[in-house]
Number of protein chains: 2
Amino acid sequence: MVEVVGFDADDTLWQCQDTFDDAERLFLETVSPYASPGVDLKGVLRTTELSNLAISGYGVKAFGLSMIEAAVTSSAGAIPSRDIGILVDRINDMLREPVKLLDGVADALHAVAQTHRIVMITKGDLFHQTRKVQNSGLHHLFEHVKVVLEKDVSTYRAVLNEWGISPSTFVMVGNSVRSDILPIVELGGFGLHIPYHVTWEHEVVDAPKGTFCTVASISDVAEWLAAEHQS
Amino acid sequence: MVEVVGFDADDTLWQCQDTFDDAERLFLETVSPYASPGVDLKGVLRTTELSNLAISGYGVKAFGLSMIEAAVTSSAGAIPSRDIGILVDRINDMLREPVKLLDGVADALHAVAQTHRIVMITKGDLFHQTRKVQNSGLHHLFEHVKVVLEKDVSTYRAVLNEWGISPSTFVMVGNSVRSDILPIVELGGFGLHIPYHVTWEHEVVDAPKGTFCTVASISDVAEWLAAEHQS
């Protein structure tokens, strides 16, 4: 019997990946005139991001630094710094950007909050995520909000333990099968997947192993919970 | 009667500001040949940092992005991106750098841990600070570790409340009068100041108002606690 509902934030409650994809397009546009011959720009950006993950973590600032590093290396220093300035401006815009809630989110959360306790578990940069939560207008609905560095089994175990929540009474709702669903299922909880139209490559899993449900939209969560209670 | 001792981390347990000062020297060296006439390079960097604080927060990544932004604007785009690459490399080095414990820290913490509960409250980037705590070899001594965005009265109140610690039984030990001492004193706890040879300008307070003690070194903390118990 589910008592507590955990929500992921990026691309579950509010838009996120689209903004990164837009920035990547700006990067390709800005750097390609100066790229060394034969360089796969997208590949260099991806490799730079992944190789910095262990020292930088997730989030806009880490992505921004990787984007600048990739612009310099893939052009062998030929890109003018004026163009680096364009990338820096975009990063600052991303950090400043208002939170864009996805369709139906406010209504759906209010509906779920009437019957269940709600918490948020989100990955990324503490500063930027905290700012987004505070600006979302939904902060008051959450009993707890936790920004974590990685969404794996041991992190979920520690967080639920800290909050005194038993996994068997917990469902995690999110757009990433890899981060939001599989670890919670492994822990003995429920996973409820809401696919988003774009997924960061890093989050894609080929053949997800585990038992979980998928709903089309966040507006279907309250109904899923009601049905789950009857079963 | 003090039961719990809170430690700041940067420049209290391990070296931090020196690395930022080194990076600032590299910035001045690298950018000055291209700086627009009459530009106060140090001033531009400081202004850029402070104006980005509200969207970026504290930490190496935020500082790095501000440094790159300041390099581009103060040279009006004249600095070659190769030199931007030098700054990016330095930022990555800072993120990768091993933790450098200050003299006597390990012994001092072990001594305090024999008589008191120990917690850490540190400001900055969640990812980078967590990495430093884990690499410090001292992680096991701390009952709790919290990375916060700002060290003000309301943050301390919330953190102590979450941990069930009464301010009247708590002493905070740190190098910043502004961040480590005054808010805790205002909250009804104790502040124990350990001056460090450099202080980030942002942290300097002119005439600190409040009652607190100062010790010369972290090695004096256990003795201060013993004396406090007798008084």
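Residues numbered from 1 in each chain as written. Chains lettered and ligands numbered in written order. Predicted model: local features only at pLDDT ≥ 70, side-chain atom pairs only at ≥ 80, totals over all residues. Heavy atoms only, no water.

Caption draft 1: Examining the interface of chain A and chain B more closely. Counting from both sides, the interface comprises 35 residues of chain A and, opposite them, 34 residues of chain B. Taking both partners together, chain A and chain B bury about 3000 Å²; carbon and sulfur atoms supply 65% of that area. It is A:Ile55, A:Leu65 and A:Phe127 that lose the most area in chain A upon contact with chain B, and together they represent 24% of the buried surface on that side. In this structure, the connection of chain A to chain B is made through 0 salt bridges. Joining chain A to chain B, the criterion identifies 12 residue pairs in polar contact (both at pLDDT 80 or more). Where the side of chain A that touches chain B is concerned, the elements lending two or more residues are helix 2 (41-56), helix 3 (60-74), helix 4 (81-96) and helix 6 (126-135) of chain A. Looking at the side of chain A that touches chain B element by element, the count peaks at 9 residues for helix 4 of chain A. Across the side of chain A that touches chain B, the residue classes break down as 18 nonpolar, 10 polar and 7 charged. (Contact = heavy atoms within 4.5 Å. Buried area = accessible area lost by both parts, 1.4 Å probe. Salt bridge = Lys/Arg side-chain N within 4 Å of Asp/Glu carboxyl O. Polar contact = N/O pair within 3.5 Å; in protein donor to acceptor, adjacent residues only side chain to side chain. Helix = DSSP H or I, 4+ residues; strand = E, 2+ residues; numbered from the N terminus. Nonpolar A, V, L, I, M, F, W, Y, C, P; charged D, E, K, R; others polar.)

Caption draft 2: How the structure looks around the domain arrangement of chain A. Residue and element names in this part refer to chain A. Assigned domains of chain A: these are domain 1 (4-15 + 99-230) and domain 2 (17-96). Computed from C-alpha atoms alone, the centre-to-centre distance between domain 1 and domain 2 is 29 Å. On the domain 2 side, the residues contacting the 16 residues of domain 1 number 14 residues. Taking both sides of the interface into account, the surface hidden between domain 1 and domain 2 amounts to around 1300 Å²; carbon and sulfur atoms contribute 49%. At the surface where domain 1 touches domain 2, the tally comes to 1 salt bridge. A salt bridge links Asp-125 to Lys-61; its shortest N-O distance comes to 3.4 Å. No other element matches the 3 residues that helix 6 contributes to the side of domain 1 that touches domain 2. Residue classes in the side of domain 1 that touches domain 2 are distributed as 5 nonpolar, 5 polar and 6 charged. (Domains from an automatic or database assignment.)

Caption draft 3: Representation of the environment of A:Ala70. All names here are of chain A. Counting through the fold element by element, Ala-70 comes out in helix 3. The spacing of Ala-70 and Arg-46 is 24 residues in sequence and 8.9 Å in space, taken between C-alpha atoms. Ignoring any residue separated from it by four or fewer positions in sequence, one finds Ala-70 in contact with Phe-27, Val-44, Leu-45 and Thr-48.

Caption draft 4: Spatial organisation of helix 6 (residues 126-135) of chain B. Residue and element names in this part refer to chain B. Burial of helix 6 is extensive: 7 of the 10 residues sit out of reach of the surface. Buried within helix 6 are the following residues: Leu-126, Phe-127, His-128, Gln-129, Thr-130, Lys-132 and Val-133. With a side-chain oxygen lying 3.2 Å from the backbone nitrogen of Phe-127, the N-terminal cap of helix 6 falls on Asp-125. Gly-137 sits one or two residues past helix 6 and shows a positive phi near 75 degrees. (Buried < 20%, exposed > 50% of the residue type's maximum accessible area, 1.4 Å probe, protein only.)

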